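# Residue-level structure breakdown
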Amino acid sequence: MPVLAEAQCAPEPTVVGGTTICSGTDANGVRITTSNTVLNVAGDGIVINTGAPAVTVEIPNATYSSFTSIAVSGRISSDTQSGILLLSGGGSTYSGTTTQLSLKVDEGASVSGATALAMGQTPGNTSALLVADIDNAGTLIGTSGVALRGDVVAASYGYASSSSGFTSIMNRATGVISGSVVGPVGRVTNAGLIDGGASSAFTSGAAGTSYPYLIWPGTWTNTGTIQSNSAVATIVSSTINSLKNSGTIANSGSGAAISSSYLDIQNDAGGQISSSGGTAIISSNYLRLINAGTVTGNVVTGNSGSTIDSTAGTIDGSVLFGSGDDILVVRYDAASASIVTGITGSINAGGGTNTEQVKFAGDVTLNTGVAPLSGFQRLMLDPASGTTVTLGSGFVSNTALILSGNGAVVNQGQITTNGPAVTDISYSFGNRVTFCNDGAIAAAMSSFGYGITLSNDRFVNNETVTVTGGNGVSMSYNDLVNTGTISATGGVGVDVFDAVLTNSGTISGSTIGATLNGNVGYTASNSGTIRGATAGVSTGIYLTNTGTISSSGVGVQVQPYGYLINGAGGVVNGGTGGAVTVNSFNAGVANAGTINGDVTFSGFGSGNNLIYFALGATVTVRRA
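Conventions adopted
- Here the residue numbering is sequential within each chain, running from 1 through the sequence in written order.
- Totals for whole chains, interfaces and linings use all residues, but because this is a predicted model, local features are given only for residues with pLDDT of at least 70 and pairs of side-chain atoms are given and counted only at 80 or more.
- Based on all heavy atoms of the structure, the side-chain values leave hydrogens and waters out of the count.
- DSSP calls a pair of strands paired once it identifies at least 2 bridges connecting them.
- Numbering goes from the N terminus for both helices and strands, where a helix is a DSSP run of H or I of at least four residues and a strand is a run of E of at least two.
- To form a nonpolar core, buried Ala, Val, Leu, Ile, Met, Phe, Trp, Tyr and Cys residues must be joined to one another through side-chain atoms within 4.5 Å.
- Note on classification: 1.4 Å probe, protein chains only; a residue is buried when its accessible area is under 20% of the maximum for its type, exposed when over 50%, partly exposed between these limits.
- Note on definitions: a residue-residue contact is assigned when non-hydrogen atoms from the two residues lie within 4.5 Å.
- When two rings of Phe, Tyr or Trp (its six-membered ring) have centres within 6.5 Å they constitute a pair, described as stacked for plane angles under 30 degrees, edge-to-face for angles over 60, and tilted for the intermediate range.

### As for the sheet that holds strand β61 (residues 548–551)
The parallel open sheet is built from 10 strands, whose spatial order is β40-β43-β46-β49-β52-β55-β58-β61-β64-β67. At either margin of the open sheet sits one strand with a lone partner, and together these are β40 (396–397) and β67 (594–596). Of the pairings in the sheet, the one linking strand β46 (residues 440–444) to strand β49 (residues 464–468) comprises five bridges and is parallel in character. Along β49, the bridge assignment pairs Ala444 with Thr468.

### Here we look at the nonpolar core
Judged by nonpolar contacts, the single largest core of 123 residues is most densely connected at Ile70, Ile76, Leu148, Phe166, Phe202, Ile281 and Val580. In terms of residue count, strand β28 (residues 272–291) provides more of this core than any other element does, five residues in total. Aside from chain neighbours lying at most four places away, what touches Leu148 is Ala116, Leu117, Ile134, Leu140, Phe166, Ile169, Ile177, Ser180, Val181 and Val182.

### So, the packing of aromatic side chains
Following the criterion strictly, the structure yields eight aromatic pairs and no others. Ring centres of Phe435 and Phe459 lie 5.4 Å apart, and the angle between their planes is 20°; on these two criteria the pair is classed as stacked. Taken together, the positions of Phe435 in strand β45 (residues 434–437) and Phe459 in strand β48 (residues 458–461) put the pair 24 residues apart, joining distant regions of the chain. Given a relative accessible area of 0%, Phe459 falls into the buried group. Ring geometry for Tyr561 and Phe585: centres 5.5 Å apart, planes at 90°, overall edge-to-face. Of the two residues, Tyr561 is situated in the loop between β62 (554–558) and β63 (563–566) and Phe585 in the loop between β65 (578–582) and β66 (588–591); the sequence distance between them amounts to 24 residues.

### Side note on the pairing of strand β26 (residues 248–251)
Bridge count between strand β23 (residues 225–228) and β26: four bridges; the pairing is parallel. By the bridge assignment, Gln227 is partnered in β26 with Ala250. Pairing between β26 and β28: four bridges, direction parallel. When the bridges of β28 are listed, Asn251 appears paired with Ser275.

### Quick word on the side chain of Ser35
Inspection of the secondary structure assignment puts Ser35 in the loop between β3 (30–32) and β4 (37–41). A relative accessible area of 15% places Ser35 in the buried class. Leaving out residues up to four positions away in the same chain, Ser35 has contacts with Val15, Val16, Gly17, Ile59, Ser65, Ser66 and Phe67.

### Brief notes about the side chain of Thr97
Of note, Thr97 is situated in the loop between β9 (84–87) and β10 (98–105). When its relative accessible area of 1% is taken as the criterion, Thr97 is described as buried. In this structure, Thr97 is in contact with Asn61, Ala62, Thr63, Tyr64, Ser65, Ser66, Ala128 and Leu129, ignoring residues within four places of it in sequence.

### What about the pairing of strand β36 (residues 355–360)?
In terms of burial, β36 is largely enclosed, as five of its six residues are buried. The pairing of strand β33 (residues 327–333) with β36 spans five bridges and is classified as parallel. From the neighbouring strand, Val329 faces β36, where its bridge partner is Gln357. With six bridges joining them, β36 and strand β38 (residues 378–383) adopt parallel strand pairing. In the sheet register, Thr355 faces β38, and the bridge partner there is Arg378.

Okay, structure coming up:
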């Protein structure tokens, strides 16, 4: 019978800050009891044990934190226990020490046992934290079905909380993890094979949805294979910030491929996510799925607003949204003049107020209305950069439009809505559409709001915008050019913030014709007509008027940092409140035109007002 050559791992016992090297065979295991220690199992090294872990890390809590690294080029193995056991260590000076383990396994090397690596608590110390990071190019085997276990839960402060986890797991192209990964995992990079067998490949285990503060939800990237043959999902995790897949995530059992409360999944071209059980992806709350690969099975979302875009891929199954305000992204196919969803099965919009986002890759003219799919109440137009979507003269719609993308949208038809008619994705600075109205837009508002609200997009109105029961147009951060007519019977005609208004048409409001505000440097100009009941214009920016501004109340209210430049030919008509009021500080009037009514200044401060009247101008000035 052959006899194994034995070699003592040296030095052993381990020393603080030292390196213990194992070569040959160590048949009674190794204990690491010192901080900042490196265990190096050489290519010819074999560390084994019978009835006990092959390597035990148990460092007394003498400092706030302790670090240990294990590098394996050979083999670590236990017959019935864990290949490596990471323990919290006995209470000493500090009872809440964090013990951190870094495990690196080279190609051709292995760690095996009932679990390859497990974490646990030393009796009497339940307040310590245990974290590990894994870099595997070899083989990690758990004969119990669990390869890596880090789901320690403690109630040291009167309530149960997670006390362990994995900061990161990197499984390289040659790496194999045979068995589940149990416990919170911050970041995963897999190019090899992770096989959960009859259980999940990843599951939080006893930790549930909790994780220690040292574990931050991160990006999971899979270019390899993550698989199971299980009645539960292949991946069950609460610590996925985002998942990028161009490999395979599969469950050949009845469970889903991926299940979590919050999921952000990017399935790239060539990526496969599948389940033999009928449902591939389950989110109990929020899901964002951008699919350019293949998802085989149904997709189920929760009750927060979710987004699904399969326009560049295929979902071979059905989609069931929850009760949130969801977005389904579709693609317009010009050749067939139809919508492409990339979904072979049914689409159930669930509850909520849902949006169908239509992507356009080239110029197109739509002469008939685009009816959203059943259950979707809003239509989002998303032209690619450099493309124009024209809503032709035959386009008639009672569905609100939402603008996205970086192209242009031109309306030549009729948009009539109960509620807002046109909006965009608020403060989404990556999008900038130019919206041009050459048709008719009518919005009937039942409560406070605006018929058109744009925060990212330029608006050019050449025809009519009519809003009843509410305010007219709200613009932020982009320009408004009006050569047509904008009218509001329930409030302000136009409200502008950090945007430039250029008006040569007509703007009217039942309260104020136009309110103009923004940071220093923004301007507005009027060569047309602006009128309102209480004020024609209220401005906190520089307004140049060569047209007509009128009100039965105050013609122009100049607010702090505002300035009225009434140029030659400009007319300001006031009513009961006077033609112009200049308020508080850093505001003024320059007049080369006609002001019909009083100009009243209030709140003068020393050196705070600059007032200039052009020669030959006639005006009445009053100080309040």
